[in-house]
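Secondary and tertiary structure notes
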Amino acid sequence: MMRQAAIATMAALWAAIGSDASAADRIVTPSDGVTLAAIVDQAAAGDRVILRAGSYDGPLTIKKPLTLQGDLGASIVGTGKGTVVTIDAVDVTLRGLEIRGSGTNLETMDSGVFATEAAEGAVIEDNFVAENLYGVYIHGAKDSMTRGNRIVGIREGRLSEAGNGVTVWNAPGAKVVGNDISFGRDGIATNASKRNVFSENRFHDLRFAIHYMYTNDSEIRGNVSVGNVVGYAIMFSSRLKIVDNLSDGDRDHGILLNSANSSLVRGNIVRGRLQPESRWASAGSRASTHGLPTDDGQPQARGDVAGFRLGPEKCVFIYNANKNQFIENEFNGCAIGIHFTAGSEGNAMSGNSFISNRNQVKYVGTRYLDWSAKGRGNYWSDNPAFDLDGDGIGDSSYRPNDLVDKVLWTSPQAKILTTSPAVQLIRWAQAQFPALLPGGVVDSHPLMEPPVRSGARQ
């Protein structure tokens, strides 16, 4: 009898739709006495279900193409177990809702929104997704769009026990655009996918802003990472475009390439700054804030300050990454500008700016690498070169490391000798007799001024 009464109430509700809605609109208020699941079940394919302000009980599974849209103040609240909203049909739009209250089981992928393989073309936009294990999980939903959402993950506890803001798994063509993502584990994590676009997102208070694994032929463009452990961690992926992104005050690396090949890295900015040492001491867990120092947004003084460390430790870390192009990037104010290791070969470096890094390059090896292309190298802020012919290219080659640096990389305890007369004599001798220099990075056409980047974030 109760079910029949609910169905009758719902039928009356459809009949009473006001003039402010089209024939395909279904307007619902919390006082209607009908569950959200029943309302969605009764809607026809292509309908738009509009939720007035109020709280609606989850979980909810959508198995037909429709739009579920909320007015300001409309929320769907889970039970603390499982996923709150599951999209399991093509062409579903989920818009303007507050979604919270998922379970906390990593194995069952408990999420605020979960789009299955059947959810091709799903649009998840302008929602506030908070306090869920995973925010949005795109699990095979091809050509889906996750756009304009604010996603706030779990704020406390161990990072290994948290989910990601947006997870993309085997979802060719999926796009994640213009979201604000914070807390939880990684901002966007992708695995075993292709032809994805992640653009214009903002990330803070996370482990990795963007984490790539086995995802090829994709684009990372115009994103902002502030105060995370790593900005852009690109692993085991190929043929990517990593363009016009910003890493500002991340802790360990701005850009990490691990077995990432044949990709374009252009117009990105990695900006370092002094950060509290507590950010390193609290690795693996978090309180409700990270404690990034407040400032005017500009790199701070490079000198040591008690209780602070310079981060990122590495603007760029390249590990076994081959045939990539680094063009017109700015690496500014890190402990190490670029750490280059593990046999990485065929990488082209041209038009980049290495500014005020304590060590511009760390390269341990005997091979000679010329970081210039077609007569154009990079700008090095510590290069004392002259340009007598005024062509904008230094008259002598630039070498970021010498024999003493190589010793320091392999035996850090030798740092105590760096100001000794013997070390100064070795460096003078290398300058007079270049044959004494070890193999390593050389820029044969260093730029005298930082190049003007087109389109990069400032």
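Note that the coordinates shown come from a computational prediction; the quantities given were computed from them, not determined experimentally.

Next up on the list: the overall build of the protein chain. Secondary structure assignment for the protein chain yields five helices and 44 strands. For the protein chain, contacts bridging at least 24 residues in sequence account for 51% of all contacts bridging at least 6. Summing over all exposed atoms, the protein chain offers an accessible surface of approximately 19700 Å²; the carbon and sulfur share of this is 53%.

Our next topic: the environment of Thr-341. Checked against the element boundaries, Thr-341 lands in strand β38 (residues 336–341). Sequence separation between Thr-341 and Phe-317 is 24 residues, and the spatial gap between their C-alpha atoms is 8.2 Å. The contacts of Thr-341, once residues within four sequence positions are left out, are Phe-317, Ile-318, Tyr-319 and Asn-320.

With that settled, consider the environment of Ile-151. By secondary structure assignment, the location of Ile-151 is in strand β15 (residues 150–152). Sequence separation between Ile-151 and Gly-135 is 16 residues, and the spatial gap between their C-alpha atoms is 6.2 Å. With sequence-adjacent residues up to four places away left out, Ile-151 is seen in contact with Val-129, Gly-135, Val-136, Gly-165, Val-166, Asp-180, Ile-181 and Ser-182.

For the structure on display, the rule yields one disulfide. The side chain of Cys-315 participates in a disulfide bridge whose partner is Cys-334; the two sulfur atoms lie 2.0 Å from each other. Across the S-S bond linking Cys-315 and Cys-334, the dihedral sits near 90°, which makes this disulfide right-handed. Highlighted residues: Cys-315 in strand β35 (residues 314–319) and Cys-334 in the loop between β37 (330–332) and β38, separated in sequence by 19 residues. Taking relative accessible area as the criterion, Cys-315 reaches 0% and is therefore assigned buried. Look at Cys-334 and you get buried, because its relative accessible area is 0%.

In terms of burial, strand β10 (residues 111–115) is largely enclosed, as five of its five residues are buried. Across three bridges, the pairing between strand β7 (residues 85–87) and β10 is parallel. Each residue of the ladder has a partner; that of Val-85, found in β10, is Val-113. Pairing analysis gives four bridges linking β10 to strand β13 (residues 134–139), with the strands arranged parallel. In the strand pairing of β13, Ser-111 is matched with Tyr-134.

Let us now look at the pattern of salt bridges. On inspection of all chains with the given rule, the structure shows 15 salt bridges. Where Glu-125 meets Arg-147, a salt bridge forms, and the shortest distance between an N and an O atom there is 2.7 Å. Residue Glu-125 is located in strand β11 (residues 123–125), and its partner Arg-147 is located in strand β14 (residues 145–147); the two are separated by 22 residues in the primary sequence. In this structure Glu-125 comes out as buried when scored by relative accessible area, which is 9%.

Take the packing of aromatic side chains next. Counted according to the given criterion, the structure contains 10 aromatic pairs. Seen from their ring centres, Tyr-134 and Tyr-137 are 5.0 Å apart, and the 65° between their planes marks the pair as edge-to-face. Relative to Trp-371, the ring of Phe-340 lies with its centre 5.5 Å away and its plane at 75°, an arrangement referred to as edge-to-face. With a gap of 31 residues between them, Phe-340 in strand β38 and Trp-371 in the loop between β42 (369–370) and β43 (379–380) connect regions that are remote in the sequence. Owing to a relative accessible area of 3%, Phe-340 belongs among the buried residues under this scheme. In textbook terms, an aromatic cluster arises when at least three aromatic residues are bridged by ring pairs, as seen for Phe-331, Phe-354, Trp-380 and Tyr-398. In this structure, Arg-207 is placed above the aromatic ring of Phe-208, and the distance from its NZ or CZ to the ring centre is 4.3 Å. The cationic tip of Lys-314 hangs over the ring face of Phe-317; the distance from NZ or CZ to the ring centre is 4.2 Å.

With that out of the way, let us pick up the confidence of the model for the protein chain. The predicted model of the protein chain averages 84 in pLDDT, with 79% of residues at 70 or higher. Across residues 1–23, confidence stays below pLDDT 50; counting only partners more than four residues off in sequence or on other chains, it has 20 contacts. Every residue in residues 287–303 is under pLDDT 50, and counting partners more than four places away or in other chains gives 40 contacts.

Taking strand neighbours across the sheet as the criterion, the 12 strands line up as β4-β7-β10-β13-β17-β20-β23-β26-β29-β35-β38-β41 in an open arrangement whose pairing is parallel. Each edge of the open sheet carries a strand with a single partner, namely β4 (60–62) and β41 (359–363). Neighbour-to-neighbour, the strand axes of this sheet turn through a mean angle of 10°, independent of strand direction.

Rules used in this analysis
Residues numbered from 1 in each chain as written. Predicted model: local features only at pLDDT ≥ 70, side-chain atom pairs only at ≥ 80, totals over all residues. Heavy atoms only, no water. Helix = DSSP H or I, 4+ residues; strand = E, 2+ residues; numbered from the N terminus. Contact = heavy atoms within 4.5 Å. Areas by Shrake-Rupley, 256 points an atom, 1.4 Å probe, with all protein chains shown as cover. Disulfide = S-S within 2.5 Å. Buried < 20%, exposed > 50% of the residue type's maximum accessible area, 1.4 Å probe, protein only. Pairing = 2+ DSSP bridges. Salt bridge = Lys/Arg side-chain N within 4 Å of Asp/Glu carboxyl O. Phe/Tyr/Trp six-rings, centres within 6.5 Å; stacked < 30°, edge-to-face > 60°. Lys NZ or Arg CZ within 6 Å of the ring centre and 35° of its normal. pLDDT = per-residue confidence, 0-100. Axes fitted to C-alpha atoms, helices over the stretch in contact; angles between N-to-C directions.

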